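# Understanding the architecture of this molecule
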Amino acid sequence: MKEIYLDNAATTPLDERVLEAMLPYLKSKHGNASSVHKFGREAKVLLEDARDTVAEFIGAKPAEVYFTSGGTESNNFALKGIAFANLGRKNHVISDTIEHSAVIDTLEYLKSRFGFNVTYLEVNKFGEINLEELKNSITDETFLVSVMHSNNELGIINDVAGISGITGNKSILLHTDSVQSVGKTHFNVNELNCNTATLSAHKIYGPKGIGALYIRRDTPIDKFIHGGKQERDRRGGTENIAAIAGFKKAIEILKTDMATDIEKYKLLKQKLILQLRENFGEKTIINSADGINSLHNIVNISFDPAKTDLDPDTLLIKLDLKGIAVSSGSACTSGSIQPSRVLKAIGYDDSMAKASLRISFGRFNEESDVDSLVITLKEIIS
Ligand SMILES: Cc1ncc(COP(=O)(O)O)c(C=O)c1O
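Residues numbered from 1 in each chain as written. Predicted model: local features only at pLDDT ≥ 70, side-chain atom pairs only at ≥ 80, totals over all residues.

### Overview of the overall build of the protein
Secondary structure assignment for the protein yields 13 helices and 15 strands. Taken over C-alpha atoms, the radius of gyration comes to 21 Å for the protein, in line with the 21 Å a tight globule of 382 residues would show. Once the C-alpha set of the protein is aligned to its principal axes, its extents read approximately 65 × 55 × 40 Å. The contacts of the protein with a sequence gap of at least 6 include a subset with a gap of at least 24, amounting to 72%. (Helix = DSSP H or I, 4+ residues; strand = E, 2+ residues; numbered from the N terminus. Rg over C-alpha atoms; globule rule 2.2 N^0.38 Å. Contact = placed C-beta atoms within 7 Å.)

This is the structure in structure tokens:
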């Protein structure tokens, strides 16, 4: 049975070229970047080259890029770092209901333990926030807005430049979780005018456990991890040089391959949507499809439970048994299947949310993967 991986928004396979770039740093080039000898200098050179590479790719200065253990840490770093630098001053943060849990859980922690107030903006049926509502939610106490650049379940792209037009005028800081956007759409921190932005390597064919936080030079933010003086004394801990070498290579590959990657995502998305409409018609709802500014690699679909005899709880498992990996609109939490918070936020009831699938394409998918998925879905959903 051929295995078909269509869950690239969860994580991407490691590109062979990335693996090749990492290997020397897992073998002979094993130095600690803080050591003064040759081994240390070798690691340090790689570290700073990687910083230059990431910075250039997102339109930042190298001194504004901080390596972290990934997207979750970067979001924690930005939100806690900015909030703690504001303790005793202003206390209001604005975000939205469909942020990743790395943002929502962090904000809830800041709220419950430190007394910050958080406003979560509602989204419309496509997952879009309303900029007027954002404007109206700002108070004299607001010091931070956190809105993701694109959503990991729906693929919707937010107007972050439009948001910074509002926050910039009022000296409010802006954080954007850009984990899903980098490599999938044009992303430039200068154009967006945000203060902080989150990146993660394992969404761009790099290794897991490495990412970065962009911090604009003038941003008041506390040190995040205490210990050594690494990362310009903001994040202590010996740098993960092999993973950073992989992250660097993943970005270098994007420089040459991103346009081709995006063309492929577009083609696969169009093909899938067409085939779904042809084969399932009214039985499916395709989120973020027509006329909505969304990522080309993510297709979110829902099967109307009233029009199919589908058992939503077993849909994903049945696909898995046929060798097809996708993500579903529900997750197993504490032994029971819970519908996705994001799909509930766009107005779905439990059964509709559970009958949803996220298909996310990657560099290594082929058109035949779409054909196989649709044929299998037809078998499952009679
Ligand atoms: C939007 C978004 N933010 C943050 C994360 C967390 O990133 P990481 O897995 O690198 O911790 C993810 C991962 O799924 C994500 O999709």
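### Here we look at the site of the ligand
Residues in close proximity to the ligand total 14 residues, the closest being G70, G71, T72, N152 and S200. In terms of residue count, the dominant contributor to the shell around the ligand is helix α3 (residues 71–86) (3 residues). Looking at the shell around the ligand residue by residue, the classes come out as 3 nonpolar, 10 polar and 1 charged. (Near = placed C-beta within 6 Å. Nonpolar A, V, L, I, M, F, W, Y, C, P; charged D, E, K, R; others polar.)

### Focus on the packing of helix α2 (residues 38–58) against helix α9 (residues 241–280)
In contact at an axis separation of 9 Å, α2 and α9 are set at 35 degrees when each is read in the N-to-C sense. Relative to α9, α2 is oriented so that their crossing is left-handed. Packed against α2, whose contacting residues are A43, L46, L47, D49, A50, T53, V54 and F57, the element α9 presents I241, I244, A245, F247, K248, I251, E252, L254 and K255 at the interface. Classifying every residue of the contact of α2 with α9 gives 12 nonpolar, 1 polar and 4 charged. (Axes fitted to C-alpha atoms, helices over the stretch in contact; angles between N-to-C directions. Left-handed = near helix turned anticlockwise from the far one by under 90°.)

### Remarks on the packing of helix α1 (residues 16–26) against α9
For the pair α1 and α9, interaxial distance at closest approach is 8 Å and the crossing angle is 155 degrees. Comparing the axis directions of α1 and α9 gives the class roughly antiparallel. Relative to α9, the crossing made by α1 is right-handed. Residues R17, V18, A21, M22, Y25 and L26 of α1 pack against I241, A242, A245, G246, K249, A250 and I253 of α9. Considered class by class, the residues forming the contact of α1 with α9 number 10 nonpolar, 1 polar and 2 charged. (Parallel < 35°, antiparallel > 145°, perpendicular 65-115°, else oblique.)

### Considerations on the sheet that holds strand β15 (residues 356–360)
Read across the sheet, 4 strands follow the order β9-β10-β15-β12 without closing on themselves; strand pairing throughout is antiparallel. Each edge of the open sheet is held by one strand with a lone partner, namely β9 (284–287) and β12 (327–328). Alignment of β12 against β15, held across 2 bridges, turns out to be antiparallel. Bridged to S328 within β15 is L357. (Pairing = 2+ DSSP bridges.)

### Side note on the sheet that holds strand β4 (residues 117–121)
The mixed open sheet is built from 7 strands, whose spatial order is β2-β8-β7-β6-β5-β3-β4. Edge positions in the sheet fall to β2 (65–68) and β4, since each of these pairs with one other strand and no more. Averaged over neighbouring strand pairs, the angle between their axes works out to 20 degrees when direction is ignored. As defined by bridge partners, strand β3 (residues 92–96) adjoins β4 across 5 bridges and the pair is classed as parallel. In the strand pairing of β4, I94 is matched with T119.

### Describing unusual backbone geometry
For residues that are not glycine, phi is negative in most cases, and the peptide bond is trans in most cases. A positive phi is found at S171, a non-glycine position, where the angle reads about 55 degrees. Relative to the assigned elements, S171 resides in the loop between α6 (160–169) and β6 (173–177). Given 8 C-beta atoms within 10 Å, S171 falls into the exposed group. (Buried ≥ 20, exposed ≤ 12 C-beta atoms within 10 Å, placed from the backbone.)

### Details of the nonpolar core
With 103 residues, the main nonpolar core has Y214, I244, A245 and A250 as its most contacted residues. When residues of this core are assigned to their parent elements, the largest contribution, 15 residues, is made by α9. When we break this core down by domain, the ones giving at least three residues each are domain 1 (4–11 + 257–380) and domain 2 (16–253). Here I244 is in contact with L46, L47, A50, F67, I210 and E239, once residues within four sequence places are set aside. (Core = buried A, V, L, I, M, F, W, Y, C linked by C-beta atoms within 7 Å. Domains from an automatic or database assignment.)

### Structural notes on the domain arrangement of the protein
What the domain assignment reports for the protein is domain 1 (4–11 + 257–380) and domain 2 (16–253). Just the C-alpha atoms count here: the centres of domain 1 and domain 2 sit 28 Å apart. Listed as interface residues are 20 residues of domain 1 and, on the opposing side, 23 residues of domain 2. Of all the secondary-structure elements, those providing two or more residues to the side of domain 1 that touches domain 2 are α9, β10 (298–303) and α11 (341–345). Of the residues assigned to the side of domain 1 that touches domain 2, the class counts are 8 nonpolar, 9 polar and 3 charged.

### Considering the pairing of β15
Most of β15 sits out of view: 5 of its 5 residues are buried. Side-chain alternation along β15 places S356, R358 and S360 on one buried face and L357 and I359 on a second face that is also buried. Two strands pair when backbone bridges link them, and β10 and β15 are joined in this way by 5 bridges, in the antiparallel orientation. What sits directly across from I298, in β15, is S360.

### Quick look at the environment of I204
With respect to the helices, strands and loops of the structure, I204 is situated in the loop between β7 (196–200) and β8 (211–215). Sequence separation between I204 and S328 is 124 residues; the distance between their C-alpha atoms is 21 Å. In contact with I204, not counting residues within four places along its chain, are T12, V182, G183, A250 and L254.

### Quick look at α9
Every α-helix winds through 3.6 residues per turn, so residues three or four apart in the chain are directed the same way. In a regular helix each residue adds 1.5 Å, so 40 residues correspond to 58 Å; α9 covers only 49 Å between its end C-alpha atoms and thus falls short of that length. At D257, α9 is deflected by roughly 65 degrees, the largest bend along its length. Just beyond α9, the residue with positive phi is G281, at close to 45 degrees. (Expected span 1.5 Å × (residues − 1). Bend = angle between axes of the 7 residues up to and from the residue.)

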